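Each chain is listed here by its residues.
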Amino acid sequence: MKQTGQQHTAGTVGMEDIVRAHHVLKEVVRRTPLQLDHTLSTKYDCKVYLKREDLQIVRSFKIRGAYNMIRSLAPEDLDKGIVCASAGNHAQGVAFSCHVMGIKGKIYMPSTTPNQKIKQVKRFGGDAVEVILTGDTYDDAYAEAIKACEEGGMTFIHPFDDPMIVAGNGTIAMEIMEGLDSPADYMFVTIGGGGLISGVGTYLKTVSPNTKLIGVEPSGAASMTEAIRRNEVVTLESIDKFVDGAAVKRVGDLNYELSRGLIDDIVLVPEGKACTTILELYNDSAIVVEPAGALAVSALDMYREQIKGKTVVCIISGGNNDIDRMQEMKERSLIYEGLKHYFLINFPQRAGALREFLEQVLGPNDDIARFEYTKKHNKENGPALVGIELSDKEDYQALIDRMSAKGIAYTELNRDLNLFNLLI
């Protein structure tokens, strides 16, 4: 077995590697647009450019690293075929690379992977790839992929922890800097395993050391933040998997070694905030992004004062969004923005109590978004689950005051994570 991404040290990726990757990738990779976004520029009083990797040939940046890595293999290794484990964009990049190069690939994916992603992998790979669904998690798929490598002498293509992956990703920064009239003041880059920011940062800090490199992680999976805090790579015990393209328990060893000397700051973005950005990008600019692809733009709010009058670049890392998730994204956005609140309410046991709630407790612009009794029988003796949507988050306190004034017993589920996850 040949397995990439093991115990690398800093300094194994440089400018020459990225320039070489750029020439290799010309064969297949789109030079994605670098667009000045007028809506965001007006909102933040600066120039905001979007590097549209969502318009890449597989709708994410992952093709850059995957193709560069696979093209670097010796002919005898290519003849044996390659293997990867992924539940998303990396699998698509590897599949497309196999199809273009005419080599065989095995792609292990968790059995829980949405059907839409499985179809995409098969579409990009065609007859060149075999998709194997196994286990319930990425770790299960990874274990089976490594086993296949050991048995067949195939090469494992790591999603981020490899010099050739990093160099391929670094070509994004090369395209960005060539597309700007003057160097950017700030560049915001999503962090998952660290393959993107280590590649982008390596090129960026070489040609424009004064540009601030801001990493962006989902707050529920801040593995690079924790690694830098502890001065070593660590494995997080648990993560929120919602931002699936960046929900990584452990960043790559090579990626950490490279990135820790390049990153100027890391911003943590709540998952709900990412959902708000997804909806805004779609409604304002007709841009479809996945949760990980929205992180860089989401971080602009946290840097609102620093970026005024500056030139800013946000890398939109991917646009493989499943339409079936949009309702959940809207829900998470409303909750994050303080516009939707869930309560367990014990209504007084008398006639007309519910009508009084509707007429005397709800505000004129409040709306009942969900109502159901928690008991199937003797409903009047149990609490009701009530979801209330506000038109303005400032209306929240008035709602609470009216419930208290009426003597209504309630539990706010938004503030009790265990109950919220159980009932919502």
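The model shown is predicted, which means the values in this text are computed figures rather than measured ones.

> For this particular structure, what's the right way to read the overall build of the protein chain?
A count of helices and strands for the protein chain gives 17 helices and 15 strands. When its C-alpha atoms are laid out on the principal axes, the protein chain stretches across 80 × 55 × 40 Å. A burial count over the protein chain gives 55% of its 424 residues as buried. Contacts in the protein chain between residues far apart in sequence, at least 24 positions, make up 74% of those at least 6 positions apart. Each charge class in the protein chain can be summarised by its mean position, and for the 47 positive and 58 negative side chains these summaries are 2 Å apart.

> Help me out: how do you make sense of the sheet that holds strand S14 (residues 384-389) in this one?
Sheet architecture is open: four strands sit in the order S13-S14-S12-S15, paired in antiparallel fashion. The open sheet has two edge strands, strand S13 (367-373) and strand S15 (409-412), and neither has a second partner. Looking at each pair of strands side by side, their axes are set apart by 25 degrees on average, direction ignored. Note that strand S12 (residues 340-346) and S14 share six bridges and pair antiparallel. Each bridged residue has a counterpart across the sheet, and for Leu344 the counterpart in S14 is Leu385. Here helix H15 (residues 353-361) sits on the sheet and contacts S12, S13 and S14; the angle it forms with S13, its principal contact strand, is near 165 degrees.

> Help me understand empty space enclosed by the protein, please; the structure alone is not making it clear to me.
Any empty space left between the atoms is revealed when a probe the size of a water molecule rolls over them. Using the criterion set out here, one finds one cavity of 30 Å³ or more in the structure. Estimates place the volume of the largest cavity at around 60 Å³. Along the walls of the largest cavity sit Pro348, Arg350, Ala353, Glu356, Phe357, Val361, Lys406 and Ile408, which together make up its complete lining.

> Got a minute to help me understand the layout of surface pockets in this structure?
Counted as a void, the second largest pocket has a volume near 460 Å³. Lining the second largest pocket are 13 residues, and of these Arg332, Ile335, Leu417, Phe420 and Asn421 sit closest to its centre. Counting residues per element, the lining of the second largest pocket draws most heavily on helix H14 (residues 326-336), which supplies five residues. When grouped by side-chain class, the residues that make up the lining of the second largest pocket number six nonpolar, three polar and four charged.

> Is there a simple way to think about helix H5 (residues 89-101) in this case?
Residue pairs three or four apart in sequence face the same way in an α-helix, which turns once every 3.6 residues. Between its first and last C-alpha atoms H5 spans 18 Å; for 13 residues at 1.5 Å apiece the expected length is 18 Å, and the two agree. By the criterion of burial, H5 is predominantly enclosed, with ten of the 13 residues buried. For H5, every residue scored as buried is listed here: Asn89, His90, Ala91, Gln92, Gly93, Val94, Ala95, Phe96, Ser97 and Cys98. Where the residues of H5 are buried, they touch helix H3 (62-71), strand S4 (82-85), strand S5 (105-109), helix H6 (115-125) and strand S6 (129-133). Phi for Gly102, located one or two positions after H5, is positive at around 70 degrees.

> How do you make sense of the packing of H3 against helix H8 (residues 163-179) when you look at a structure like this?
Each pair of packed helices can be summarised by the angle the axes make with each other and by the distance between the axes. Two numbers describe how H3 lies on H8: the axes approach to 7 Å, and their chain directions differ by 130 degrees. When the axes of H3 and H8 are compared, the pair comes out oblique. By crossing handedness, the relation of H3 to H8 is classed as right-handed. Where H3 abuts H8, its residues Arg64, Gly65, Ala66, Asn68 and Met69 lie against Met164, Ile165, Ala167, Gly168, Asn169, Thr171, Ile172 and Glu175. The class makeup of the residues in the contact of H3 with H8 is six nonpolar, five polar and two charged.

> Looking at this model, I keep getting lost on a nonpolar patch on the surface. Mind explaining?
A grouping of Leu354, Leu358, Phe371 and Tyr373 is seen on the molecular surface, where their side chains present a nonpolar patch of about 320 Å² in accessible area. Of all the secondary structure elements, the ones that give two or more residues to the nonpolar patch are H15 and S13. Among the structural elements, Leu358 can be located in helix H15.

> Quick question: what am I supposed to make of the state of the cysteines here?
In protein structure, a disulfide is the covalent linkage between the sulfur atoms of two cysteines. Counted by the stated rule, this structure contains zero disulfides. Left unpaired, Cys46 is separated from the closest cysteine sulfur, that of Cys314, by 8.5 Å. For Cys275, which is in no disulfide, the shortest distance to another cysteine sulfur is to Cys314 and amounts to 17 Å. Judged by its relative accessible area of 0%, Cys275 is buried.

> Is there a simple way to explain the packing of aromatic side chains in this structure?
Aromatic ring pairs are described here by two measures, namely the spacing of the ring centres and the angle between the planes. On inspection of all chains with the given rule, the structure shows eleven aromatic pairs. Here Tyr138 and Tyr142 contribute two aromatic rings whose centre-to-centre distance is 6.0 Å and whose plane-to-plane angle is 35 degrees, an arrangement assigned as tilted. Of the two residues, Tyr138 and Tyr142 are both situated in helix H7 (residues 138-152); the distance of four residues between them amounts to about one turn of the helix. You can call Tyr138 partly exposed: its relative accessible area is 31%. Classification of Tyr142 as partly exposed rests on a relative accessible area of 26%. Judged by centre distance (5.4 Å) and plane angle (85 degrees), the rings of Phe371 and Tyr373 are edge-to-face. Within the aromatic cluster, the residues linked to one another by ring pairs are Phe347, Phe357, Phe371 and Tyr373.

> Even after reading the chapter, I still don't get the environment of Thr155, so can you show me in this structure?
Examined against the element boundaries, Thr155 turns out to sit in strand S7 (residues 155-156). With 123 residues separating them in the primary sequence, Thr155 and Thr32 have C-alpha atoms 29 Å apart.

The rules behind each value
Residues numbered from 1 in each chain as written. Predicted model: local features only at pLDDT ≥ 70, side-chain atom pairs only at ≥ 80, totals over all residues. Heavy atoms only, no water. Helix = DSSP H or I, 4+ residues; strand = E, 2+ residues; numbered from the N terminus. Buried < 20%, exposed > 50% of the residue type's maximum accessible area, 1.4 Å probe, protein only. Contact = heavy atoms within 4.5 Å. Lys, Arg positive; Asp, Glu negative; His and termini not counted. Charge placed at Lys NZ, Arg CZ, Asp CG, Glu CD. Pairing = 2+ DSSP bridges. Axes fitted to C-alpha atoms, helices over the stretch in contact; angles between N-to-C directions. 1 Å grid on protein atoms, 1.4 Å probe; cavity = no way out; pocket = protein on both sides within 12 Å on 5 of 7 lines; lining within 4 Å. Points joined across faces, edges and corners; volume = space filled by probe spheres on them. Nonpolar A, V, L, I, M, F, W, Y, C, P; charged D, E, K, R; others polar. Expected span 1.5 Å × (residues − 1). Parallel < 35°, antiparallel > 145°, perpendicular 65-115°, else oblique. Left-handed = near helix turned anticlockwise from the far one by under 90°. Patch = residues over 30% accessible without salt bridge, like charges linked within 9 Å, V, L, I, M, F, W, Y side chains within 5 Å. Areas by Shrake-Rupley, 256 points an atom, 1.4 Å probe, with all protein chains shown as cover. Salt bridge = Lys/Arg side-chain N within 4 Å of Asp/Glu carboxyl O. Disulfide = S-S within 2.5 Å. Phe/Tyr/Trp six-rings, centres within 6.5 Å; stacked < 30°, edge-to-face > 60°.

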